[in-house]
Amino acid sequence: MAVYRGTIELQSRDHKPHFHNVTDKVKEIVKESSIKNGIVVVYSHHTTCSVITQECSHDLTYYGREYLQQDLINIMEKLIPTCQHEGQYLHPGPKHIEFALSIPGEVAKGSLNTDAHLRSCIFGRSETIVLVDGELSLGDFGFIYFIDWDQVRERKRVCEVQIIGE
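Below or above, wherever it landed, is the structure these notes cover. Nothing here was measured: the structure is a model prediction, and the numbers come from that model. (Residues numbered from 1 in each chain as written. Predicted model: local features only at pLDDT ≥ 70, side-chain atom pairs only at ≥ 80, totals over all residues. Heavy atoms only, no water.)

1. Let's talk about the overall build of the chain
No. 1: The number of helices and strands found in the chain is four helices and eight strands.
No. 2: Listing each helix as α and each strand as β along the chain from the N terminus yields β-β-α-β-β-α-α-α-β-β-β-β.
No. 3: Taking the principal axes of the C-alpha coordinates as reference, the chain spans close to 50 × 35 × 20 Å.
No. 4: A burial count over the chain gives 40% of its 166 residues as buried.
No. 5: Contacts spanning at least 24 positions in sequence make up 80% of the contacts within the chain whose residues lie at least 6 apart.
No. 6: Of the roughly 9,700 Å² of accessible surface on the chain, 54% is carried by carbon and sulfur atoms.
No. 7: Side-chain charges in the chain split into 17 positive and 23 negative, and the spacing between the mean points of these groups amounts to 5 Å. (Helix = DSSP H or I, 4+ residues; strand = E, 2+ residues; numbered from the N terminus. Buried < 20%, exposed > 50% of the residue type's maximum accessible area, 1.4 Å probe, protein only. Contact = heavy atoms within 4.5 Å. Areas by Shrake-Rupley, 256 points an atom, 1.4 Å probe, with all protein chains shown as cover. Lys, Arg positive; Asp, Glu negative; His and termini not counted. Charge placed at Lys NZ, Arg CZ, Asp CG, Glu CD.)

2. Comments concerning the sheet that holds strand β2 (residues 18-21)
By definition, the strands of a sheet pair up through backbone hydrogen bonds, in either a parallel or an antiparallel sense.
No. 1: Read from one edge of the open sheet, three strands run β2-β7-β4, paired in antiparallel fashion. The open sheet has two edge strands with one neighbour each: β2 and β4 (49-55). Taking the axes of each pair of neighbouring strands and ignoring which way they run, one obtains an average angle of 30 degrees across the sheet.
No. 2: Relative to strand β7 (residues 142-148), β4 runs antiparallel, the two sharing seven bridges. What sits directly across from Gln 54, in β7, is Phe 143. (Pairing = 2+ DSSP bridges. Axes fitted to C-alpha atoms, helices over the stretch in contact; angles between N-to-C directions.)

3. Focus: the pattern of salt bridges
No. 1: Summed over the entire model, instances satisfying the criterion amount to five salt bridges.
No. 2: Residue Glu 77 is joined to Arg 119 by a salt bridge in which the shortest nitrogen-to-oxygen separation is 3.2 Å. Residue Glu 77 is located in helix α2 (residues 67-79), and its partner Arg 119 is located in helix α4 (residues 114-123); the two are separated by 42 residues in the primary sequence.
No. 3: Accessibility expressed as a relative area gives 33% for Glu 77, which makes it partly exposed.
No. 4: Its relative accessible area of 0% is what places Arg 119 among the buried residues.
No. 5: Between Arg 155 and Asp 150 there is a salt bridge; the shortest N-O distance is 2.6 Å.
No. 6: Asp 150 gets classed as buried once you look at its relative accessible area, which sits at 2%.
No. 7: Three or more residues joined by partner-sharing salt bridges are found here, namely Asp 148, Asp 150, Arg 155 and Arg 157. (Salt bridge = Lys/Arg side-chain N within 4 Å of Asp/Glu carboxyl O.)

4. Structural notes on the environment of Leu 72
No. 1: When you line up the elements, Leu 72 lands in helix α2.
No. 2: Excluding its chain neighbours within four sequence positions, the residues that come into contact with Leu 72 are Phe 19, Ile 52, Phe 123, Ile 147 and Trp 149.

5. Section: the state of the cysteines
Disulfide: a covalent bond connecting the sulfur atoms of a pair of cysteines.
No. 1: The full count for this structure, using the stated rule, is zero disulfides.
No. 2: The thiol of Cys 56 is not disulfide-bonded; the next cysteine sulfur, from Cys 159, is found 17 Å away.
No. 3: Among the residues examined, Cys 56 registers a relative accessible area of 12% and is labelled buried.
No. 4: No disulfide involves Cys 83; its sulfur sits 15 Å from the nearest other cysteine sulfur, which is in Cys 121. (Disulfide = S-S within 2.5 Å.)

6. Considering the nonpolar core
No. 1: The biggest cluster of nonpolar side chains holds 20 residues, and the ones touching the most others in it are Val 26, Val 40, Leu 136 and Ile 144.
No. 2: Elements that contribute at least two residues to this core include exactly β1 (2-11), α1 (23-33), β3 (38-44), β4, β5 (126-132), β7 and β8 (156-165).
No. 3: When near neighbours in sequence (up to four residues on either side) are disregarded, Val 26 contacts Ile 8, Val 40, Val 42, Leu 136, Ile 144 and Val 161.
No. 4: Of all hydrophobic cores here, the second largest spans 14 residues; its members include Cys 56, Leu 72, Ile 80 and Cys 83. (Core = buried A, V, L, I, M, F, W, Y, C linked by side-chain atoms within 4.5 Å.)

Rendered as structure tokens:
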């Protein structure tokens, strides 16, 4: 059995939830690994991000989001509204704000991302995909998306890929 690890660097933008289609980059990492059969785990260690598999919607909004992605954002806004002010959610409390401010360059506003944490809890932070004969088993229309739910600030993200197999 072999294990191979790769990473994909991403940049969030627009201060809105951002969907990164990482399918082709994951396929490149699979090819580099030379592993033909096993599993591929696509993971985010960021607690305000998710990884999902979903169909590509093709049609785009004026902001460049696929319709299915915008539908998902609209539903999440109803279930877990974007944090607009302190006190809207219990988190962050005073101890967490104190901790955040102890980090150089951090501002208290950066902790007002409770909605992103809750959304990532619902969708999860990883997907496991079966690898058969060197191909990801995504079906005819499957794509892999890394979602950055955090709308407080733009920043670099890392998508991790771990392949286990033969």
